[in-house]
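Read off the chains here:
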Amino acid sequence: MIEDQLRSILGPKSLSLNSIRQWTSVLKESINGIKPYKIDKRIRKRQPSAGSPSKKDGVHELLFDPKHSNLSHNEILASKESLRKLKFNSIMIKILIENKWSISYDFFSIIIDYLNKTNSNDIYWTFIRTELYNKIDSNLDCHLICWKLLLLLHFLTRYGNKSFLTSCTKHQRVLLEISTVKTCTHPKCCFFARLNPLYFDLLWTKIEFLLEHQSIRGDLVVNDSNLNEFAQSSDTVLISLCENLLENMQKLLRFQSEVLLIEENKESQQLDQLLLDPIKICLVEADNLYSILYAVMNRISTRASLESQFNELNRKFRLQFKQLRLFYKNSKSRASLNDCLQIPELIDEPPEFLRFFEQSENLLH
C-alpha cells in the first residue's frame, strides 16, 4: 500500500509535530499557487536505509524529485492525495486520541484552515467513518474521543463554511451513533457518556438553524444588514426565526447546566479544560443569541398581527432570561472561566417590550 511506503520513507517521525508543520507549509503554499510538484524543496532528503524504497521507487521520486518521475499525472495526483490523507489523519489522531486529557487548538486551526481552503470535506468524513465509527468498540475511551470530536465540530460550525454544514446532514446518523454509543471501560470517560448526547443535540440544532437562516454567521454575530432583514421579514418568517432562537437557547442552557454540575463534583483536575472549554464557547454564543432574540422579539412586539403569538414567545423568553442570568452568575464563580472571558451581565429583570397597542396609545397622548 502506498501509505505503508510513505511511512517507511518518512520513518517514525511521520506523525511528529515537525512533520505536520512541514505538511501544513506545503499545503498552504500549494493552495496559494506554488506548483505542487516542488515538494522536494520542502521535505528534507534522507539517504535510503536498508530495506527502504530505492530512489527509483515511484513514491520516493514523488517526494524528493518528482519532475524526473516516470509516474503519470494521475498517478502523481493519487500519490499526493495519499500523502495528504496520511497527514490529515495524523493530525486528527493527535487531536482526538494521542493527547488524551488535553486539547491542541493549533491542530484545530490546521483542520479548519484545510477544510475551508480546499472546500472539500470528504477527507474529514472518511476519517470519522474509518477511524472512529468502524472502530468504536475497540476504543476504550470512546466517550472522551467523541467529546473532543464534538468540540472540533463546534469550532467548525463557527468558523467552517456552509458546505461543511451541508455535509453534516449527510452524516447525521454516524454522528448520532458515535455520540450515543454505550461502550465504555474508563471511569473518567463516563462523565462524557452523559454529556455527549446533549452536546450533539445542541450542535445539531445549531447546524439546522444556520442552514435554514443562511445570512446568519456561524459565530452568531449579526450586523445591520441582518437586523434590517429581520425588520422586513414576513410574520411567518419572523415567528419561525424566534422559535428557532428560543430552541437553540434552550438546548444551550440545558447543556451548560449539566456540564457545570459535573464540573462542580468532578474528582480530577484533568477534566477542567475538557469540560469547560465548550462552556467558554457557549458563553459567547449565548450572549450573541440573546442579542438576536431581543431584536426579533422587539420586532414581533410591534406587529398587531402577531399579538397572540407574542404572549407565548414572551413567556418563554422571560423564563430563559432567568436561566441565562443564572448561567452567567455560575460562570463568574469559576476562575477558569472568569479569568479568560468577560462574562456578560444582564439586568435584574427581563426587559419589557413596548407592545403595538401601547405604542398606539402613546402616539395619541
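In this text the structure is predicted, and so the values were computed from the model without any measurement.

1. Thoughts on the overall build of the protein
Next up, step 1: Of regular secondary structure, the protein possesses 16 helices and zero strands.
Next up, step 2: When burial is assessed residue by residue, the protein has 47% of its 365 residues classed as buried.
Next up, step 3: A fraction of 78% describes how many contacts in the protein between residues 6 or more apart in sequence connect residues 24 or more apart.
Next up, step 4: Accessible surface, the protein as shown: approximately 18,300 Å² in total, 50% of it carbon and sulfur.

2. Some details on the environment of aspartate 348
Next up, step 1: Within the fold, aspartate 348 resides in the loop between helix H15 (335-338) and helix H16 (356-364).
Next up, step 2: According to the relative accessible area criterion, aspartate 348 is exposed, its value standing at 58%.
Next up, step 3: For the pair aspartate 348 and phenylalanine 321, spaced 27 residues apart in sequence, the C-alpha separation works out to 9.6 Å.
Next up, step 4: Aside from chain neighbours lying at most four places away, what touches aspartate 348 is Phe321 and Arg325.
Next up, step 5: Of the polar contacts made by the side chain of aspartate 348, one reaches the side chain of arginine 325; its length is 2.7 Å.

3. Comments concerning the nonpolar core
Next up, step 1: Counting 92 residues, the largest nonpolar core has Tyr124, Ile128 and Phe327 as its most contacted members.
Next up, step 2: The leading source of residues in this core is helix H13 (residues 271-301), at 16 residues.
Next up, step 3: Looking at which domains feed residues into this core, each of domain 1 (86-212) and domain 2 (214-355) gives three or more.
Next up, step 4: Ignoring any residue separated from it by four or fewer positions in sequence, one finds phenylalanine 327 in contact with Leu252, Leu253, Gln256, Leu260, Ile279, Cys282, Leu283 and Ala286.

4. Concerning the confidence of the model for the protein
Next up, step 1: On average, residues of the protein score 75 in pLDDT, and 69% of them reach the 70 mark or higher.
Next up, step 2: Here helix H3 (residues 58-64) stands out as the least confident element of the protein, with mean pLDDT 32; helix H14 (residues 307-332) is the most confident, with 93.
Next up, step 3: Low pLDDT, under 50, characterises residues 26-69; the stretch is placed with 56 contacts to residues that sit more than four places away or in other chains.

5. A closer look at the packing of helix H7 (residues 142-159) against helix H9 (residues 172-179)
Each packed pair of helices is defined by two parameters, the angle between the axes and the distance between the axes.
Next up, step 1: Here H7 crosses H9 at 140°, and the two axes come no closer than 10 Å. Here H7 is positioned oblique relative to H9, judged by the angle of their axes. Here H7 and H9 pass one another in a crossing that is left-handed. Within the contact between the two elements, H7 uses Cys146, Leu149, Leu150 and Leu153 and H9 uses Leu175, Ile178 and Ser179.
Next up, step 2: Considered class by class, the residues forming the contact of H7 with H9 number six nonpolar, one polar and no charged.

6. Side note on unusual backbone geometry
Both trends apply: most residues other than glycine have a negative phi, and most peptide bonds are in trans.
Next up, step 1: With a phi angle near 65°, leucine 220 is a residue other than glycine that sits in the positive phi range.
Next up, step 2: Secondary-structure assignment places leucine 220 in the loop between helix H10 (190-212) and helix H11 (224-232).
Next up, step 3: Using a relative accessible area of 4% as the deciding quantity, one classes leucine 220 as buried.

7. Description of the packing of aromatic side chains
For any two aromatic rings, the description comes down to two numbers: the centre-to-centre distance and the angle of the planes.
Next up, step 1: The final tally for this structure, using the stated rule, is 20 aromatic pairs.
Next up, step 2: The interplanar angle of 10° and the centroid separation of 5.9 Å between the aromatic rings of tryptophan 125 and phenylalanine 164 together place this pair among those described as stacked. With tryptophan 125 in helix H6 (residues 122-132) and phenylalanine 164 in helix H8 (residues 162-170), the pair connects residues that are 39 residues apart, well separated along the chain. A single burial state applies to tryptophan 125 and to phenylalanine 164, both of which are buried.

Reading the values: rules and limits
Note that residues are indexed from 1 along each chain, following the sequence as it is written. Totals for whole chains, interfaces and linings use all residues, but because this is a predicted model, local features are given only for residues with pLDDT of at least 70 and pairs of side-chain atoms are given and counted only at 80 or more. Excluded from the side-chain calculations are hydrogens and water; all other atoms, namely the structure's heavy atoms, are used. A run of DSSP states H or I qualifies as a helix once it reaches four residues; a run of E qualifies as a strand once it reaches two. Both are numbered from the N-terminal end. Any residue under 20% of the maximum accessible area for its type is buried, any over 50% is exposed, and the rest in between are partly exposed; the area is computed with a 1.4 Å probe on protein chains only. Any pair of residues with heavy atoms lying within 4.5 Å of one another is described as a contacting pair. Areas reported here follow the Shrake-Rupley algorithm with a probe of radius 1.4 Å; residue values treat only the protein chains shown as occluding. Here a polar contact is taken to be a pair of N or O atoms separated by no more than 3.5 Å, where protein atoms must pair a possible hydrogen donor with a possible acceptor and residues adjacent in sequence count only if both atoms sit in side chains. Remark: nonpolar core denotes a set of buried residues (Ala, Val, Leu, Ile, Met, Phe, Trp, Tyr, Cys) joined through side-chain atoms within 4.5 Å. An automatic or database domain assignment is the source of the domain bounds shown. Confidence per residue, as judged by the predictor, is encoded in pLDDT with a range of 0 to 100. Where helices are involved, their axes are fitted lines through C-alpha atoms of the stretch in contact, as for all axes, and angles between N-to-C directions lie from 0 to 180°. By the definition adopted for this analysis, an angle is roughly parallel if under 35 degrees, roughly antiparallel if over 145, roughly perpendicular if from 65 to 115, and oblique otherwise. What makes a crossing left-handed is the near helix being turned counterclockwise from the far one by less than a right angle; a clockwise turn instead makes it right-handed. Amino acids outside the nonpolar list (Ala, Val, Leu, Ile, Met, Phe, Trp, Tyr, Cys, Pro) and the charged list (Asp, Glu, Lys, Arg) are all regarded as polar, and Gly is one of them. Stacked, tilted and edge-to-face are the three classes assigned to paired rings of Phe, Tyr and Trp, where Trp is represented by its six-membered ring and a pair needs centres within 6.5 Å; plane angles under 30 degrees give stacked, over 60 edge-to-face, the rest tilted.

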